[in-house]
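Chain by chain, the residues:
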Amino acid sequence: MKFSELGLRPELVEAVEAKGYTTPSPIQARAIPAVLEGRDVLGGAQTGTGKTAAFSLPMLQLLAASEFKGQHKRPRALVLAPTRELAAQVHQSIKDYGDRMNLRSVVIFGGVGFQPQIDRLRHGLDIIVATPGRLLDLCQRGEAQLSGVEILVLDEADRMLDMGFIHDIKKVLKLVPRERQNLFFSATYSNEVKKLADSMLQNPVEVEVAARNATADRVDQEAYEVGQKAKAQFLADMIQIGDWSQVLVFTRTKHGANRLAKHLDGQRIAAMAIHGNKSQSAREKALSLFKSGRIRVLVATDIAARGLDIADLPYVVNYELPNIPEDYVHRIGRTGRAGKAGQAVSLVSDIEEGYLWDIEKLLKKEIPRYKLNSGGEKVAVSKPATRSNLKRPAPGQNRQSRGGSGRGGNNGGRQGGGRSGSARSGGGSPPRRSRGRNR
Ligand code: AMP
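Residues numbered from 1 in each chain as written. Predicted model: local features only at pLDDT ≥ 70, side-chain atom pairs only at ≥ 80, totals over all residues. Heavy atoms only, no water.

Novice: Quick question: what am I supposed to make of the packing of aromatic side chains here?
Specialist: For the structure on display, the rule yields four aromatic pairs. Measuring from ring centre to ring centre gives 5.9 Å for Tyr224 and Tyr370, while their planes differ by 40 degrees; the resulting arrangement is tilted. You can see Tyr224 sitting in strand 8 (residues 219-225) and its partner Tyr370 sitting in strand 14 (residues 369-372), a full 146 residues away along the chain. With respect to burial, Tyr224 and Tyr370 carry one shared label: buried. Taking 4.2 Å as the distance between ring centres and 10 degrees as the angle between the ring planes, the aromatic pair formed by Trp244 and Tyr315 counts as stacked. (Phe/Tyr/Trp six-rings, centres within 6.5 Å; stacked < 30°, edge-to-face > 60°. Helix = DSSP H or I, 4+ residues; strand = E, 2+ residues; numbered from the N terminus. Buried < 20%, exposed > 50% of the residue type's maximum accessible area, 1.4 Å probe, protein only.)

Novice: How do you make sense of unusual backbone geometry when you look at a structure like this?
Specialist: Trans peptide bonds make up most of the peptide bonds, and negative phi angles are found at most residues other than glycine. If you check the backbone angles, Asn203 has positive phi at about 45 degrees while not being a glycine. Relative to the assigned elements, Asn203 resides in the loop between helix 9 (191-200) and strand 7 (205-208). The backbone phi angle of Lys364 is positive, close to 60 degrees, even though this residue is not glycine. As for its placement among the helices and strands, Lys364 is situated in the loop between helix 16 (353-363) and strand 14. For Lys364, a relative accessible area of 73% translates into the label exposed.

Novice: Explain the nonpolar core to me, please; I cannot follow it from the model alone.
Specialist: Nonpolar side chains in soluble globular proteins tend to be buried together. Counting residues in hydrophobic clusters, the biggest one holds 40 residues, and the most contacted among them are Leu57 and Met59. Counting only elements with at least two residues in this core, the list comes to helix 1 (10-18), helix 2 (26-36), helix 3 (51-65), strand 2 (77-80), helix 4 (84-97), strand 4 (127-130), strand 5 (151-154) and strand 6 (181-186). If one sorts the elements of this core by residue count, helix 3 sits on top with seven residues. Setting aside residues no more than four positions away along its own chain, Leu57 makes contact with Phe3, Leu8, Leu12, Val16, Ile32 and Tyr97. Formed by 34 residues, the second largest nonpolar core is a distinct cluster that contains Leu42, Leu125, Leu154 and Phe184. (Core = buried A, V, L, I, M, F, W, Y, C linked by side-chain atoms within 4.5 Å. Contact = heavy atoms within 4.5 Å.)

This is the structure we're talking about:
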């Protein structure tokens, strides 16, 4: 199958080929013809599947088919995305794919000044790519007008709901015309997501690609038993000893991300944190330094990392396990893309053992567990026989203790563990250090 066989105009096929893509991905092969026919689409796909091109290419074609009237502040297509980074990435893709066409697009997100966005909106445009909050602000100020929207795209709808955007989305839906084409993309389908999709879509073509766990299957996964306090040094040593070049590390809290980046930097491992409290320019800078290899480690929270397109990432580390098992799949989906092998390492303290069980249940497979013995050697550890032995955190306990202490979080000894026969010590043991480090 070639892009030219999907019914796309030559300018779009050329633009795609200029990016080096020769074969449509499965979601593109199935969604592009449906969108071109004017159908609503319900797309089950996560980042890495080529979903952005799946909606952008046919959207550009449909917009180009009707003449651009340059109407003041009345876009004909609106793409809603959950985060600034995703909005910026989608916008960049639209610009790349549409660079041989006479269409204007604008990206709108919070955390930056209003005026440049207002100036661009006033120039007339065809497409807005936006996060919901700032878009509504601009609508309220009369600077953005959604009554001309013919195509509405919801990208990563599940994450938008996770982030509490449901009310904003409903407000946006009131501002767009009832008659429109809807393209709805979500990696997961909770009842809430289904309800929103049902309320928006009319007789949609359903396109589901790669079972969610397919990504996980391509990734080499390992879990290390490490006490919370020992994790920072454990990770620093792993990166140094393994000579890891580009590592995306996930923490559960913003404070935790900052603290870890600082610790790694102190160990001469160039690292930066990326999370919701960072300014837009700081986030962009960290991302571009990471992509270009000038920093080795990017420490991120789930929300900040969502939708980031970082190609060929060799290592993902779960510094703390997510309490939502699906987030684990999203996290490790950053590595092992496009058939390349990736490695995902999870550092698991006693208190997180229950999360690992939930993740294994979702993946329907066991993640090999290891620990480092007192000599710093990696030894396999078997999964405890029953889950009932495990101590699970009380609701809210993790978040508080990790975010609040400022000194490395939970105390392994205090957690108790409750695993009969486990050889794990509360603090774990860091790997053997390479000689000559930190001189
Ligand atoms: P997305 O799922 O939209 O985040 O896309 C994931 C990555 O795949 C991006 O880097 C795209 O540029 C790339 N990509 C999109 N379509 C194709 C394709 N047909 N062949 C190869 N790579 C692609």
